[in-house]
Amino acid sequence: MYNIKSRFKVKFDEQFKQLGFIRKQNLYIRVVDDVLQNFNLHTRNNHYFNIEFAVLPLCMDISKFGYDISRYNLKNFELFRSLSDVDWKYDSLSISSIDECLDNISIFIDTYLIPFFQSSTNCEKALSNVLKIENLFYENRVKFMLSIGGKYDDSYVSNLNYFDSVIYFLALKAKQYPLALQCRKKQFNSQIDRISCADEIR
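Small disclaimer: the values here were computed from a predicted structure and weren't measured.

So, how was this worked out
- Residues numbered from 1 in each chain as written.
- Predicted model: local features only at pLDDT ≥ 70, side-chain atom pairs only at ≥ 80, totals over all residues.
- Heavy atoms only, no water.
- Helix = DSSP H or I, 4+ residues; strand = E, 2+ residues; numbered from the N terminus.
- Buried < 20%, exposed > 50% of the residue type's maximum accessible area, 1.4 Å probe, protein only.
- Polar contact = N/O pair within 3.5 Å; in protein donor to acceptor, adjacent residues only side chain to side chain.
- Contact = heavy atoms within 4.5 Å.
- pLDDT = per-residue confidence, 0-100.
- Bend = angle between axes of the 7 residues up to and from the residue.
- Axes fitted to C-alpha atoms, helices over the stretch in contact; angles between N-to-C directions.
- Left-handed = near helix turned anticlockwise from the far one by under 90°.
- Nonpolar A, V, L, I, M, F, W, Y, C, P; charged D, E, K, R; others polar.
- Core = buried A, V, L, I, M, F, W, Y, C linked by side-chain atoms within 4.5 Å.
- Phe/Tyr/Trp six-rings, centres within 6.5 Å; stacked < 30°, edge-to-face > 60°.
- Salt bridge = Lys/Arg side-chain N within 4 Å of Asp/Glu carboxyl O.

Engineer: Whenever I open this one, the side chain of Asn129 confuses me. Can you help?
Structural biologist: Within the secondary structure layout, Asn129 lies in helix α3 (residues 123-147). Of the residues examined, Asn129 reaches a relative accessible area of 12% and is grouped as buried. In this structure the side chain of Asn129 is engaged in a polar contact, spanning 2.8 Å, whose partner is the side chain of Ser120. Once residues within four sequence positions are removed from consideration, Asn129 is found in contact with Phe116, Ser119 and Ser120.

Engineer: I would appreciate a short explanation of the confidence of the model for the protein in the present structure.
Structural biologist: Detailed reading of the predicted coordinates is not advisable wherever pLDDT falls low. For the protein, mean pLDDT is 88; residues scoring 70 or higher make up 88% of the total. Least confident of the elements in the protein is helix α5 (residues 177-201), whose mean pLDDT is 76; most confident is helix α2 (residues 95-118), at 97.

Engineer: Please explain α2 as it appears in this structure.
Structural biologist: If you look at α2, its biggest bend is around 45 degrees, right at Ile109. The set of residues buried in α2 consists of Ser97, Ile98, Cys101, Leu102, Ile105, Ser106, Phe108, Ile109, Leu113, Ile114, Phe116 and Phe117.

Engineer: Looking at this structure, how should I read the packing of helix α1 (residues 4-18) against α2?
Structural biologist: For any two helices packed against each other, one specifies the inter-axial angle together with the distance between the axes. One way to put it is that α1 packs onto α2 with a least axis distance of 11 Å and a crossing angle of 35 degrees. The handedness of the crossing between α1 and α2 comes out as right-handed. Contacts from Ile4, Arg7, Phe8, Lys11, Phe12, Gln15 and Phe16 in α1 reach Ile98, Asp99, Cys101, Leu102, Asp103, Ile105, Ser106, Ile109, Asp110, Leu113 and Ile114 in α2. Among the residues making up the contact of α1 with α2, the classes are represented as eleven nonpolar, two polar and five charged.

Engineer: Can you walk me through the nonpolar core in this structure?
Structural biologist: In globular proteins that are soluble, nonpolar side chains generally tend to be buried together. Grouped together as the largest cluster of nonpolar side chains are 51 residues, with contacts concentrated most on Phe8, Phe39, Phe53 and Ile109. Only α1, β2 (27-32), β3 (35-44), β4 (48-57), α2, α3, α4 (165-173) and α5 provide two or more residues apiece to this core. In contact with Phe39, not counting residues within four places along its chain, are Phe8, Phe16, Phe21, Asn26, Leu27, Tyr28, Ile51, Glu52, Phe53, Ser70, Leu113 and Phe117.

Engineer: Help me understand the packing of aromatic side chains in this model?
Structural biologist: To describe a pair of aromatic rings, you give the distance between the ring centres and the angle between the ring planes. Applying the stated criterion across every chain yields a total of 23 aromatic pairs. Taking 5.9 Å as the distance between ring centres and 55 degrees as the angle between the ring planes, the aromatic pair formed by Phe16 and Tyr28 counts as tilted. One end of the pair, Phe16, is in helix α1; the other, Tyr28, is in strand β2, with twelve residues separating them in the sequence. Judged on exposure class, the residue Phe16 and its partner Tyr28 are both buried. Look at Phe53 and Tyr72: their rings are 5.7 Å apart centre to centre, the planes differ by 45 degrees, and that puts the pair in the tilted class. Separated by 19 residues along the polypeptide, Phe53 in strand β4 and Tyr72 in strand β5 (residues 72-73) bring together distant segments of the chain. Tyr72 sits in the buried class, given a relative accessible area of 9%.

Engineer: Mind showing me how you'd approach the environment of Ile51 here?
Structural biologist: Positionally, Ile51 belongs in strand β4. For the pair formed by Ile51 and Leu74, sequence separation is 23 residues and the distance between their alpha carbons is 5.6 Å. With sequence-adjacent residues up to four places away left out, Ile51 is seen in contact with Phe8, Phe39, Asn40, Leu41, Tyr72, Asn73, Leu74, Trp88, Ile105 and Ile109.

Engineer: Help me understand α4 in this model?
Structural biologist: Residue pairs spaced three or four apart in an α-helix point in one direction, given the helix's 3.6 residues per turn. Inspection of α4 places Val166, Ile167, Tyr168, Leu170 and Ala171 among the buried residues, and these make up the whole buried set. A side-chain oxygen of the first residue of α4 lies 2.8 Å from the backbone nitrogen of Val166; this N-cap is Asp164. Of the residues trailing α4, Lys175 is marked for its positive phi of about 60 degrees.

Engineer: Just to check I follow, could you spell out the pattern of salt bridges for this structure?
Structural biologist: Where charged atoms from two side chains of opposite charge approach closely, those side chains can pair. Applying the stated rule across the entire model yields eight salt bridges. Arg7 is paired through a salt bridge with Asp99; the nearest N and O atoms lie 3.4 Å apart. Taken as a pair, Arg7 in helix α1 and Asp99 in helix α2 lie far apart in primary sequence, 92 residues in all. Residue classification places Arg7 among the partly exposed positions, given a relative accessible area of 29%. Owing to a relative accessible area of 25%, Asp99 belongs among the partly exposed residues under this scheme. As a salt-bridge pair, Asp34 and Lys173 come within 4.0 Å of each other at their nearest N and O atoms. Placement of the pair is Asp34 in the loop between β2 and β3 and Lys173 in helix α4, with a sequence separation of 139 residues.

Here it is in structure tokens:
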């Protein structure tokens, strides 16, 4: 059957195999030093395709994620042109449309995904890169919202998610203790707030 996921595997499996990735269904994984790198293929309504990716510290328990351990949208590296631009669109009944979509995806893979993985080969390097893309993706969201006449509340969404356990564990492994402490304090204060709210309801 000629569908976009099967065609992706034909087109890219060997390339990623040579980089040390193994594939489990639609999930590609490799372990380098003390990090796990992965990306996952997603389709929606047989017309939309996306790749989500992540780099995770091996010291973190990822069993609760199952196969859904990818975190970032590959398209976020560039500014969205419309609300529907979050995915690549294709015609599932058209071989040429599928191939054209994969050609566009290939550009993102070569320009962004592989360089990200190749430069995130331990927790220290991964933390640096994760902080960079968190900031880039945040800036792109702000620019897009402003471009369509929207507003962006900085107090609601920060350019860094201190509640993110991945950033917390990466910071610990990278010996970036002030950042790890900031994350832990935010998480702790949030837990205290939830306990207080529960007590008020009682």
